[in-house]
Amino acid sequence: MITDDDIFASSSPYEPLSMSAANCMDDLLAAIGYNKVQSNDGMAHVPQKLDHQLQTTATMANNVNAQEGTSFYNVASNNAVVHYNYPNDVYTWDQTMLTNTNNQNDTTITNSLPFTQIPEDPLQFHILNGNSATDLRSVTETVKSQVEPHSVHTRPSGVTEDTGVRLVHALMACAEAIQEGNLDLADVFVRHASVLASQQGGAMRKVATNFSHALARRIYGAYPNEPTSPSLSDMLHVHFYEACPYLKFAHFTANQAILEAFSNATTVHVIDFGLKQGLQWPALMQALALRPGGPPAFRLTGIGPPSPGNNTDTLQQVGWKLAQLARTIRIRFEFRGFACNSLSDLDPTVLDIKPGESVAVNAVFELHRLLAKPGSLERVLNTVKRIEPEMVTVVEQEANHNGPVFLERFTEAMHYYSSLFDSMEGSVNNEDGALSEVYLGRQICNVVACEGEERVERHETLAQWRIRMGSAGFEPVRLGSNAFRQARMLLALFAGGEGYRVEENDGCLLLGWQTRPLIATSAWRVGGGARRY
């Protein structure tokens, strides 16, 4: 346990089809119901929405011939993106982006987090892969070395439009062949999709490349042999936080709900189901410090996976940094960290709930992972009910990637991640953007390539979570209009907020890109108004 007073005393190889095989591929696509569509001669610009292509493809897959004048959308730009022709390479690329060669000595990374009150001692953490480690400069150089050799120039608009439509057709046909168990035909389509993806630019290329690699992994069984290091996952999480507003929105809206629940409390206790690098809590601590009448005592229980075998306790390192911040802003602070492989293993008796304190449970992008093992979510929610918190904040992806039908799940994922990648195009030229794409690419691979307990990215929609939470005995708490207004102000500070949308849905807040919601924040309490005191 850390208090503020303690601070003075962690497959099978394949080659892509050549372009000379395009006519043969068109015949294959047409034979299974995907009609070839020529690009419009009158289109002066290449539009920028894969989402529109997916909608068009779905229509044509239902044997509806494309009508003259229909517009299809894709992205073409000069942004260079990595393209690989061998399915196993994508795992190697992920690792080399994050690690140097095994001959390099271990180094410590300095990464700036929003602990602005203590700039002389920024948060440090290790990024480990086996016995090797790397730093951010090495990561950046590796990204450059991987991207530059594969740079391509933007194709003429007519060629790119037609290629973009055929690319979506190939990906959908591959997914359909996989669902039908025809892996030989799926192999043909994924090779062709790999070639077509290399001719695209911008978000279109990134999305298609990630989905092509995920499909190839499913076909060839080319999965990583070892689980991702928690340190690597945390690092990618940090870069995703910096590159786009989604995690900032999640933290802000959850914090606002917690602040409102604790408005009159003298001692508050937050139990974070996914502490990671503690990015959410400096802002809450500063808000508590400014509360009229003085700040309450603040207890934080952080839960995370066990640290790798390097004698480094990552949770305690984060706790020490937060304790330093608490001392700087004069808040009484106590931190306890618990490591467990799954939230379903958590024993509520170890959480040390004390009489008189107000309790909140926070789960940001954590609960959907429990759906991989039947009964795990129910056990965790029962644990939460035993704690009887004043507030439970839940943030989840607004998507349905947990359906039983692979083709439907694949199509939904294509829609969802095309919007995410499109929204991040403004940050592709820095290391945050590049590593955020790795962060999302790993999710895509899990959604598409994995099954059973290995498929943990089982995102569900707000409507589905309402049913689950209600069935478990929780009732919704409306997020106030103040949270809505301040969330919009937050987005205005991020690239002017252009393209992002905040909407209220029956007391919950959603953040989306253009017209598609992408994440949802909801607040809950134990049903019937039950309280311990």
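Everything numeric here is computed off the predicted structure, so don't read it as measured data.

Further remarks concern the overall build of the protein. Of the regular secondary structure elements, the protein holds 16 helices and 14 strands. Counting all 533 residues of the protein, 56% fall into the buried class. Accessible surface, the protein: about 22100 Å² in total, of which carbon and sulfur atoms supply 48%.

With that out of the way, let us pick up the nonpolar core. Soluble globular proteins tend to bury their nonpolar side chains together. Grouped together as the largest cluster of nonpolar side chains are 97 residues, with contacts concentrated most on Leu-215, Tyr-246, Met-285, Phe-298, Phe-410 and Tyr-417. Setting aside anything within four residues of it in sequence, one finds Phe-298 in contact with Val-268, Val-270, Leu-284, Met-285, Leu-288, Ile-331, Arg-332, Phe-333 and Glu-334. In this structure, Leu-370, Val-384, Val-392 and Ala-472 belong to the second largest nonpolar core, which totals 27 residues.

On inspection of all chains with the given rule, the structure shows eight aromatic pairs. Between the aromatic rings of Tyr-246 and Tyr-500, the centroid separation amounts to 5.8 Å while the plane-to-plane angle is 70 degrees, which identifies the pairing as edge-to-face. With a gap of 254 residues between them, Tyr-246 in helix 9 (residues 246-261) and Tyr-500 in strand 12 (residues 500-505) connect regions that are remote in the sequence. Its relative accessible area of 1% is what places Tyr-246 among the buried residues. Residue classification places Tyr-500 among the buried residues on the basis of a relative accessible area of 10%. For the pair Phe-298 and Phe-333, a centre-to-centre distance of 5.8 Å together with 45 degrees between the ring planes defines the contact as tilted. Here Phe-333 lies in strand 8 (residues 333-339) and Phe-298 lies in strand 7 (residues 297-304), a separation of 35 residues in the sequence. Residues Phe-298 and Phe-333 agree in their burial class; the two are buried. Among the aromatic residues, those joined into a ring-pair cluster are Phe-240, Tyr-246, Tyr-439, Tyr-500 and Trp-513. The positively charged end of Arg-218 is found above the aromatic ring belonging to Phe-406, 4.2 Å away from the centroid. Above the plane of the ring of Tyr-241 lies Lys-248, whose end atom (NZ or CZ) is 4.5 Å from the centre.

So, on to the pattern of salt bridges. Inspection of every chain in the model, using the stated rule, returns 18 salt bridges. Where Arg-299 meets Asp-352, a salt bridge forms, and the shortest distance between an N and an O atom there is 3.2 Å. With Arg-299 in strand 7 and Asp-352 in the loop between strand 8 and strand 9 (358-364), the pair connects residues that are 53 residues apart, well separated along the chain. Because the salt bridges share partners, they merge into one network encompassing Arg-299, Glu-334, Arg-336, Asp-352, Lys-354 and Glu-357.

Turning next to unusual backbone geometry. With a phi close to 55 degrees, Phe-365 is a non-glycine residue in the positive phi region. Structurally, the position occupied by Phe-365 is in the loop between strand 9 and helix 12 (376-387). Positive phi outside glycine occurs at Asp-506, with the angle close to 50 degrees. Tracing the backbone shows Asp-506 in the loop between strand 12 and strand 13 (508-513).

We now examine the side chain of Thr-393. Here Thr-393 is to be found in strand 10 (residues 391-397). Classification of Thr-393 by relative accessible area gives buried; the value is 1%. Reaching out from Thr-393, the side chain makes a polar contact with the side chain of Asn-362 at a distance of 2.8 Å.

Looking now at the confidence of the model for the protein. A low pLDDT score tells you not to read the predicted coordinates there in detail. On average, residues of the protein score 75 in pLDDT, and 66% of them are at 70 or above. Taken as a whole, residues 529-533 scores under 50 in pLDDT and shows 15 contacts with residues more than four places along the chain or in a different chain.

The next point concerns the packing of helix 7 (residues 202-220) against helix 14 (residues 431-449). It is at 9 Å that the axes of helix 7 and helix 14 come closest, and there the two elements cross at 40 degrees. Considered as vectors, helix 7 and helix 14 are oriented oblique to each other. Note that helix 7 runs across helix 14; the crossing there is right-handed. Contact residues: helix 7 offers Lys-206, Asn-210, Phe-211, Ala-214, Leu-215, Arg-217 and Arg-218, while helix 14 offers Glu-437, Gly-441, Ile-444, Cys-445, Val-448 and Ala-449. A per-class count over the contact of helix 7 with helix 14 returns seven nonpolar, two polar and four charged.

So, on to the environment of Val-395. Mapped onto the elements, Val-395 comes out in strand 10. Remark: the alpha-carbon pair of Val-395 and Thr-253, spanning 142 residues in sequence, is separated by 9.0 Å. In this structure Val-395 touches Ala-250, Ala-363, Val-364, Phe-365, Ala-520 and Thr-521, once residues within four positions along its chain are discounted.

Here we come to helix 8 (residues 230-243). When the terminal C-alpha atoms of helix 8 are compared, their 20 Å separation across 14 residues agrees well with the 20 Å that a helix rising 1.5 Å per residue should span. Counting buried residues along helix 8, 11 of its 14 residues qualify, which places the element largely inside the surrounding structure. Ser-231, Leu-232, Asp-234, Met-235, Leu-236, His-237, Val-238, His-239, Phe-240, Tyr-241 and Ala-243 are the residues of helix 8 that are buried.

Among the six residues in strand 6 (residues 267-272), five count as buried, and that is most of the element. Relative to strand 7, strand 6 runs parallel, the two being bridged by six bridges. The residue of strand 7 that forms the bridge with Val-270 is Leu-300.

Here Glu-334 shows up in strand 8. Classification of Glu-334 as buried rests on a relative accessible area of 13%. Sequence separation between Glu-334 and Ala-323 is 11 residues; the distance between their C-alpha atoms is 7.5 Å.

The subject of this paragraph is helix 7. In a regular helix each residue adds 1.5 Å, so 19 residues correspond to 27 Å; helix 7 covers 27 Å between its end C-alpha atoms and thus fits that length. Burial of helix 7 is extensive: 18 of the 19 residues sit out of reach of the surface. Two residues or fewer past helix 7, Gly-221 is found with a positive phi of approximately 65 degrees.

What counts, and where the lines are drawn
Residues numbered from 1 in each chain as written. Predicted model: local features only at pLDDT ≥ 70, side-chain atom pairs only at ≥ 80, totals over all residues. Heavy atoms only, no water. Helix = DSSP H or I, 4+ residues; strand = E, 2+ residues; numbered from the N terminus. Buried < 20%, exposed > 50% of the residue type's maximum accessible area, 1.4 Å probe, protein only. Areas by Shrake-Rupley, 256 points an atom, 1.4 Å probe, with all protein chains shown as cover. Core = buried A, V, L, I, M, F, W, Y, C linked by side-chain atoms within 4.5 Å. Contact = heavy atoms within 4.5 Å. Phe/Tyr/Trp six-rings, centres within 6.5 Å; stacked < 30°, edge-to-face > 60°. Lys NZ or Arg CZ within 6 Å of the ring centre and 35° of its normal. Salt bridge = Lys/Arg side-chain N within 4 Å of Asp/Glu carboxyl O. Polar contact = N/O pair within 3.5 Å; in protein donor to acceptor, adjacent residues only side chain to side chain. pLDDT = per-residue confidence, 0-100. Axes fitted to C-alpha atoms, helices over the stretch in contact; angles between N-to-C directions. Parallel < 35°, antiparallel > 145°, perpendicular 65-115°, else oblique. Left-handed = near helix turned anticlockwise from the far one by under 90°. Nonpolar A, V, L, I, M, F, W, Y, C, P; charged D, E, K, R; others polar. Expected span 1.5 Å × (residues − 1). Pairing = 2+ DSSP bridges.

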